[in-house]
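Structural overview
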Amino acid sequence: IGDVDGVALETIKWIEVLERLGHQLFILSGRFVEDVVAPERQTLYRPLSFFSPECEWEQNRAFFFPADDSDELLQHLDQQANEVATKIFGWVLQNKIDALLVENASALPCHLSMGMGIARAVSHLDLPTVTHDHDFAWERGTRYLSPFPEITAIVENTFPLRAPDVRHAVINTAACNALRERHNIESTCVPNVMDFNQPYAQPDAYNSELLREIGLDPTNDIPLFQITRIVERKGIEVAIELVSRLSDPRVKLVITGSAADDERKGYYHRLIEMIEERNLQSRVIFAHHKILSERLTNHAGDRIYSLSDAYAHATACTYFSTYEGFGNAFVEAVLAKKPIFVNNYQPVYWPDIGSKGFETVQLEDNVLTDDAVTSVDAIIHDPKRQREIAEHNFALGRKYFSFEVLHTLLEGLFAF
């Protein structure tokens, strides 16, 4: 809770809107990065953390490094699930909980005993329950395949949670359809949202030197920002190819994320080779050392900038992902009033976002056509056109992906 991954970020938004609806929130979590409700309403129970020894051991034995048989693992899961259920029981009674909200813990089997414990607790508590399902095992290829049939049965029977008083919220239409087809479960599609009433991506005194500090000329350069991590599905090579095909040398690509999640840095090194082959060393800037999720000062006293600061100084944004569960970076660009160049990423972009009428330069299967390059070139050299696109998209973002939309959906989900 309080971290910067997608689930954690959306959880905070749900908490904020539920409090506006008049609910009092109590949180049971294995890890708190920061306080999001009053400390006396936060309960830390470390075995729930993905980083706990319990979880790590279970995942290794179930999926990565299985033993010769499953007996020890199954015994551990049963015992640990009972302890989790007991903890939930005590927490519910102590705080007089009226309804449960489960954030992805009963959707993705990345913590087996937690999901099992929640299922056992829910089956006995007789409380209305909402599960906010961000990811499912079937979306992750072979990640949750186990050599043990007993583990396969646990995954299939526990994730997602099935119980009489459970309501499911999913983050895209594809998940909604999959739940219905696979498990005959009806769900509510709740998109990821942003607060369109709060200032965002505003140039100010703090971020006035951002471009200069990452090596750009604030007066002449035309910065395109790729505000994502460096992982292969983000399609960053397409953004690099775009820059190489734009003849204006003032056009620069700024990649804000790090390669920390790029296994063995293979993708990052391929990007470096691509940059060198196209002689783009002066036109592609890696800025993860200066841009994080929030503002702070490093040990040397230098300013570190936020994502909002980065958007504030972008001429436009590139977002050529091939797969996303939703795509927060798209909504962030809309909120920041920046044009965006996007791939029709699966399974979400067109059904849940693009079909709403957003004006973009959209690729299919990341094929960078001459027409697409020409369209990008025209937009980034026309400030008036940029403003028109930004205002049009911002109005649609407020209509479809705002806190007001979330407010309406949560009113229905929690009307027990």
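Before reading further, recall that the structure is shown in the block above.
In what follows, the accompanying structure is described. Computed from a predicted model, the values in this text were never measured in an experiment. (Residues numbered from 1 in each chain as written. Predicted model: local features only at pLDDT ≥ 70, side-chain atom pairs only at ≥ 80, totals over all residues. Heavy atoms only, no water.)

**Quick word on the layout of surface pockets**
Taken as a whole, the second largest pocket holds about 290 Å³ of empty space. Lining the second largest pocket, in full, are Ala137, Trp138, Gly141, Tyr144, Leu145, Thr152, Val155, Glu156, Phe159, Arg162, Arg182 and His183. Breaking the lining of the second largest pocket down by element, the ones donating at least two residues are α5 (149–158) and α6 (173–183). (1 Å grid on protein atoms, 1.4 Å probe; cavity = no way out; pocket = protein on both sides within 12 Å on 5 of 7 lines; lining within 4 Å. Points joined across faces, edges and corners; volume = space filled by probe spheres on them. Helix = DSSP H or I, 4+ residues; strand = E, 2+ residues; numbered from the N terminus.)

**Focus: the packing of helix α3 (residues 71–95) against helix α4 (residues 112–125)**
Describing two packed helices takes the angle between their axes plus the distance from one axis to the other. Put simply, α3 and α4 touch, their axes get as near as 7 Å, and they point 50 degrees apart. The angle between α3 and α4 falls in the class oblique. Both α3 and α4 take part in a crossing whose hand is right-handed. Touching Leu77, Asp78, Gln80, Ala81, Asn82, Val84, Ala85, Ile88, Phe89 and Val92 of α3 are Leu112, Ser113, Met114, Met116, Gly117, Ile118, Arg120, Ala121, His124 and Leu125, all from α4. Broken down by class, the residue content of the contact of α3 with α4 amounts to 13 nonpolar, five polar and two charged. (Axes fitted to C-alpha atoms, helices over the stretch in contact; angles between N-to-C directions. Parallel < 35°, antiparallel > 145°, perpendicular 65-115°, else oblique. Left-handed = near helix turned anticlockwise from the far one by under 90°. Contact = heavy atoms within 4.5 Å. Nonpolar A, V, L, I, M, F, W, Y, C, P; charged D, E, K, R; others polar.)

**Regarding the sheet that holds strand β3 (residues 100–103)**
Read from one edge to the other, the open sheet built from four strands follows the order β3-β4-β5-β6, with strand pairing classed as parallel. The open sheet is flanked by β3 and β6 (187–189), the only strands paired with a single partner. When strand polarity is set aside, the average angle formed by the axes of neighbouring strands in this sheet is 20 degrees. Of the pairings in the sheet, the one linking β3 to strand β4 (residues 129–133) comprises four bridges and is parallel in character. By the bridge assignment, valine 102 is partnered in β4 with threonine 131. Of the strands in this sheet, β4, β5 (166–170) and β6 touch helix α15 (residues 403–413), which is tilted by about 160 degrees from β5. (Pairing = 2+ DSSP bridges.)

**A few points about the pairing of strand β7 (residues 222–226)**
Burial runs high along β7: five of the five residues are buried. Residues of β7 alternate between two faces, with Ile222, Leu224 and Gln226 on one and Pro223 and Phe225 on the opposite face, all of them buried. Here β7 pairs with strand β8 (residues 251–255) via five bridges, running parallel. Paired with proline 223 across the bridge in β8 is lysine 252. In the classification by handedness, the crossover that spans β7, the intervening helix α8 (residues 236–245) and the parallel β8 is right-handed. (Buried < 20%, exposed > 50% of the residue type's maximum accessible area, 1.4 Å probe, protein only. Right-handed = clockwise from strand over helix to strand, strands pointing away.)

**A few points about the sheet that holds β8**
Ordered by their spatial adjacency, six strands build an open sheet running β9-β8-β7-β12-β13-β14, and the pairing between neighbours is parallel. Looking at strand neighbours, the two that pair on one side only are β9 (284–286) and β14 (361–363), the edges of this open sheet. Pairs of neighbouring strands in the sheet enclose a mean axial angle of 20 degrees, with direction left out of account. Where β7 lies against strand β12 (residues 316–319), two bridges are found, and the strand directions are parallel. If you follow leucine 224 over to β12, its bridge partner there is alanine 316. Together, β7, β8, β12, β13 (340–343) and β14 form the strand contacts of α8, whose direction differs from that of β8 by roughly 165 degrees.

**Some words on empty space enclosed by the protein**
Counted under the stated rule, the structure contains one cavity of 30 Å³ or more. Estimates place the volume of the largest cavity at around 30 Å³. With three residues, β12 is the single largest residue contributor to the lining of the largest cavity.

**Considering the pattern of salt bridges**
Evaluated as defined, the whole model comprises 25 salt bridges. Put simply, glutamate 72 and arginine 61 hold a salt bridge, and the shortest N to O gap is 3.1 Å. Pair noted here: glutamate 72 is in helix α3 and arginine 61 is in helix α2 (residues 53–64), with a separation of eleven residues, a long-range link. Since its relative accessible area comes to 24%, arginine 61 is described here as partly exposed. (Salt bridge = Lys/Arg side-chain N within 4 Å of Asp/Glu carboxyl O.)

All quantities given are derived from atomic positions and should not be read as evidence of function.
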